[in-house]
Amino acid sequence: MTTQTPPLAFVIAGSEATGGAGIQVDLKTFQELGVYGVGTLTCIVSFDPKNGWGHRFVPVDPQVIADQFEAATATHDLDVVKIGMLGTPATIDVVGKALASRPWRHVVLDPVLICKGQEPGAALDTDNALREQVLPQATVVTPNLFEAKTLAGMDTIESVDDLVEAAKKIHARLDTSAGPRYVVAKGGVELAGPDAVDVLFDGEDVTVYSAPKVGEERVSGAGCTFAAAITAELTKGADVKAAVQTAKDMVTQGIQARVTANTPFATVWQGAYAG
Ligand code: PXL
């Protein structure tokens, strides 16, 4: 009998009960790319079908988050982690401290800033906590257009040049003393033009990734799939440039094969990725 150790990736994220976003997507993406997934749950989001599919949001107790992190990291030697939805300053505090308690080869941050079910007053506190406690620890950050505007402090992003400027501004907030840091700013369907454009800034060079848009509608789970695919590829030893290309390919194919449902939006099918 041979024993085989697959590559192991860790994700700290929320549950989205329909299977279309959050940690469900992260673990599916890891599996699709041949990576064994280990997950710590931060919150539970249940859309409300009686109420316009609004987000019902319940945070996991901070001590329970710390306990999950302890169990996961004591069981496995994990050196690559993806951070998804955190949701409250208390969650950000416990995750920020847990991250800082040990070294990582890569911390991939999908800076999920808002969830419709949260109190509006809490959003600014949450944004600030994320910016102060988690963002500096990230090696790769994957903001969408809205998150890029917020994190860069820009009013508008209307062109690929603006997107590059945002990526550079966000890069300036990362801790480059410990090694190279990367920002992947995603244009998505909201950035005008025929193509879905993403830009990678590594502190020196800009790489532009482009693929024809698949429709003009947002598809749920694209951001989660993208960051999770980067995480899986980095776990397997890819460099960041190549990991982003694989993630882009997987999301494009997953949107082409999207899963329609009773929600007003479709979701990415990770299983469509042909490699
Ligand atoms: O797609 C962003 C996202 C991430 N994580 C969770 C979510 C959502 C959006 O609904 O619910 C848990």
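Since the model is a prediction, treat every value here as computed from it, not as a measurement.

### Some words on the site of the ligand
Then, number 1: Within the structure, the ligand sits among G14, S15, E16, A21, G22, V45, F47, H55, M85 and C224.
Then, number 2: Here the ligand loses 82% of its free accessible area of 310 Å² to cover by the protein chains.
Then, number 3: Put simply, the parts of the chain that give the shell around the ligand at least two residues each are strand 1 (8-16) and strand 2 (36-48).
Then, number 4: Take the shell around the ligand: its biggest share by element is three residues, from strand 1.
Then, number 5: Residues of the shell around the ligand, tallied by class, amount to five nonpolar, four polar and one charged.

### Quick word on helix 8 (residues 240-256)
Then, number 1: Between its terminal C-alpha atoms helix 8 stretches 24 Å, which fits the 24 Å expected from 17 residues at 1.5 Å a residue.
Then, number 2: Turning to helix 8, its buried residues number three or more, namely V240, A243, V244, T246, A247, K248, M250, V251, G254 and I255.

### Focus on the nonpolar core
Then, number 1: Ranked by internal contacts, the top residues of the largest apolar core, which has 45 residues, are F10 and I83.
Then, number 2: Among the nonpolar cores identified, the runner-up in size contains 31 residues, and F226, A227, I230 and I255 belong to it.

### Thoughts on the packing of aromatic side chains
Then, number 1: Applying the stated criterion across every chain yields a total of four aromatic pairs.
Then, number 2: Ring geometry for F10 versus F69: centroids 5.8 Å apart, planes at 50°, classification tilted. Here F10 is found in strand 1, whereas its partner F69 is found in helix 2 (residues 62-75), with 59 residues between them in sequence. Note on accessibility: F10 and F69 belong to one class, buried.
Then, number 3: An aromatic cluster is present here, built from F10, F69 and W104 joined pairwise through their rings.

### As for the sheet that holds strand 2
Then, number 1: Spatially, nine strands are ordered 3-2-1-4-5-6-7-8-9 in an open sheet, and the strand pairing comes out mixed. The open sheet has two edge strands with one neighbour each: strand 3 (54-59) and strand 9 (206-212).
Then, number 2: Sheet topology places strand 5 (residues 106-109) next to strand 6 (residues 140-141); two bridges connect them, and they run parallel. Along strand 6, the bridge assignment pairs V108 with V140.
Then, number 3: Docked against the sheet, helix 1 (residues 22-32) engages strand 1, strand 2 and strand 4 (80-83), running at close to 150° with respect to strand 1.
Then, number 4: Sheet strands touched by helix 3 (residues 89-100): strand 1, strand 2, strand 4 and strand 5. Its angle to strand 4, the strand with the most contacts, is close to 170°.

### Some points on the pairing of strand 1
Then, number 1: Here strand 1 lies mainly inside the structure; nine of its nine residues are buried.
Then, number 2: The sheet contact formed by strand 1 and strand 2 spans eight bridges and is parallel. Across the sheet, residue V11 finds its bridge partner in strand 2, namely G39.
Then, number 3: Sheet analysis places strand 1 next to strand 4, joined by three bridges and oriented parallel.

### Topic: helix 3
Then, number 1: Across its twelve residues, helix 3 extends 16 Å between first and last C-alpha, which sits within 8% of the 16 Å expected from 1.5 Å per residue.
Then, number 2: Among all positions of helix 3, only T91, I92, V94, V95, G96, A98 and L99 are buried.

Basis of the calculations
Residues numbered from 1 in each chain as written. Predicted model: local features only at pLDDT ≥ 70, side-chain atom pairs only at ≥ 80, totals over all residues. Heavy atoms only, no water. Near = heavy atom within 4 Å. Areas by Shrake-Rupley, 256 points an atom, 1.4 Å probe, with all protein chains shown as cover. Helix = DSSP H or I, 4+ residues; strand = E, 2+ residues; numbered from the N terminus. Nonpolar A, V, L, I, M, F, W, Y, C, P; charged D, E, K, R; others polar. Expected span 1.5 Å × (residues − 1). Buried < 20%, exposed > 50% of the residue type's maximum accessible area, 1.4 Å probe, protein only. Core = buried A, V, L, I, M, F, W, Y, C linked by side-chain atoms within 4.5 Å. Phe/Tyr/Trp six-rings, centres within 6.5 Å; stacked < 30°, edge-to-face > 60°. Pairing = 2+ DSSP bridges. Contact = heavy atoms within 4.5 Å. Axes fitted to C-alpha atoms, helices over the stretch in contact; angles between N-to-C directions.

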